[in-house]
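Now for the letters of each chain:
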Amino acid sequence: MPQIAILSASVRKGRNSHRVALYFKRFIEEKNLGNSEIIDLQEYNFPIFNERLPYLDSPTPEVLDFAQKIRSADGIIIVTPEYNGGYPASLKNVIDLLTNDWRRKPVAISTSSDGSFGGTQVITSLQFSLWKIKAWTIPAMFPVPKVNVSFSEEGIPADREATDKRAAAFVNELLWCIEARKMMDNRKQ
Ligand SMILES: Cc1cc2nc3c(=O)[nH]c(=O)nc-3n(C[C@H](O)[C@H](O)[C@H](O)COP(=O)(O)O)c2cc1C
């Protein structure tokens, strides 16, 4: 079973996009698509970036733990809110923190907003940063409009059938990339 990490990027008090992270964890487990774990940036509460992990003299246990979770994930779903047309500083903070660990990592992006566009303006800037760090962003989207009403606090979708259908297509693309990466890695051995 692939290990899928769900990176919940919002650290805002009273955040709503975390609901989508809770949803994906449950969806992946219920459909038996993989093992899933939420990497919650609010819990890590990292200070502002000041150097990349390989160049830190004494990285904190939290930084090492975060890095290990990214390293060991076969694929990552980033759940991010849209703030002023971009992705939050908390997310840039951890993209910049790691170096080679992002390379060829299959990454699926789910954006959220409380408006009707579902945070889609984040896509180009986030994809560009992930491309620069050599991650492998998958060509599927999971925008969530009106996140505060389309999911309950526990991550239950208001329209379960339609949401599960969209999620299946989105996660399947990620699983395809995870499989493709594994095949290439095995070929080299
Ligand atoms: C600083 C800030 C900027 C925001 N900018 C946008 C925006 O540009 N477009 C948008 O649709 N929603 C915007 N929102 C609303 C978020 O979409 C909303 O808070 C949503 O619930 C997702 O973020 P959250 O996980 O922090 O709750 C903004 C919210 C904050 C706190």
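Note: the structure precedes this text.
All of these numbers come straight from a predicted model, not from anything done at the bench.

Our next topic: the overall build of the chain. Counting its regular elements, the chain contains 7 helices and 5 strands. Counting helices and strands in the order they occur from the N terminus, the chain gives β-α-β-α-α-β-α-β-α-β-α-α. Principal-axis analysis of the C-alpha atoms gives the chain an extent of 45 × 40 × 30 Å. Residue pairs in contact within the chain that sit at least 24 positions apart in sequence constitute 80% of those at least 6 positions apart. Accessible area for the chain stands at about 10,000 Å²; split by element, carbon and sulfur atoms hold 51% of it.

Taken together, 13 residues lie around the ligand, and Arg12, Asn16, Ser17, Tyr83 and Asn84 are the ones closest in. Between the ligand and the protein, one listed contact pairs an oxygen atom with a backbone N or O atom of Asn16 at 2.8 Å. Measuring from an oxygen atom of the ligand, one finds a side-chain N or O atom of Ser113 at 3.4 Å. Relative to its unbound accessible surface of 600 Å², the ligand loses 73% to contact with the protein.

In this section: the layout of surface pockets. Considered as a void within the structure, the largest pocket measures approximately 220 Å³ in volume. Considering the residues around the largest pocket, the lining is formed by 14 residues, among which Pro47, Asn50, Leu56, Val63 and Leu97 are closest to the centre. Looking at the lining of the largest pocket element by element, the count peaks at 3 residues for helix α4 (residues 89-97). A per-class count over the lining of the largest pocket returns 9 nonpolar, 4 polar and 1 charged.

A separate point is the packing of aromatic side chains. For any pair of aromatic rings, the description rests on two quantities: the centre-to-centre distance and the angle between the ring planes. On inspection of all chains with the given rule, the structure shows 11 aromatic pairs. Here Phe24 and Phe170 contribute two aromatic rings whose centre-to-centre distance is 5.5 Å and whose plane-to-plane angle is 35°, an arrangement assigned as tilted. Taken together, the positions of Phe24 in helix α1 (residues 18-30) and Phe170 in helix α7 (residues 160-188) put the pair 146 residues apart, joining distant regions of the chain. Looking at Phe24, the relative accessible area reads 0%, which means it is buried. Their ring planes at 35° and their centres at 5.6 Å tell us that Phe128 and Trp131 sit as a pair that is tilted. In this pair, Phe128 and Trp131 are both assigned in helix α5 (residues 122-132), 3 residues apart and thus about one turn of the helix distant. Overall, Phe128 belongs to the partly exposed group, its relative accessible area being 48%. By the ring-pair criterion, three or more aromatic residues cluster together here, those being Tyr23, Phe24, Phe27, Phe142, Phe151 and Phe170. Here Arg166 stacks its cationic end above the ring of Phe142, 4.2 Å away from the centre of that ring.

Rules behind the numbers
Residues numbered from 1 in each chain as written. Predicted model: local features only at pLDDT ≥ 70, side-chain atom pairs only at ≥ 80, totals over all residues. Heavy atoms only, no water. Helix = DSSP H or I, 4+ residues; strand = E, 2+ residues; numbered from the N terminus. Contact = heavy atoms within 4.5 Å. Areas by Shrake-Rupley, 256 points an atom, 1.4 Å probe, with all protein chains shown as cover. Near = heavy atom within 4 Å. Polar contact = N/O pair within 3.5 Å; in protein donor to acceptor, adjacent residues only side chain to side chain. 1 Å grid on protein atoms, 1.4 Å probe; cavity = no way out; pocket = protein on both sides within 12 Å on 5 of 7 lines; lining within 4 Å. Points joined across faces, edges and corners; volume = space filled by probe spheres on them. Nonpolar A, V, L, I, M, F, W, Y, C, P; charged D, E, K, R; others polar. Phe/Tyr/Trp six-rings, centres within 6.5 Å; stacked < 30°, edge-to-face > 60°. Buried < 20%, exposed > 50% of the residue type's maximum accessible area, 1.4 Å probe, protein only. Lys NZ or Arg CZ within 6 Å of the ring centre and 35° of its normal.

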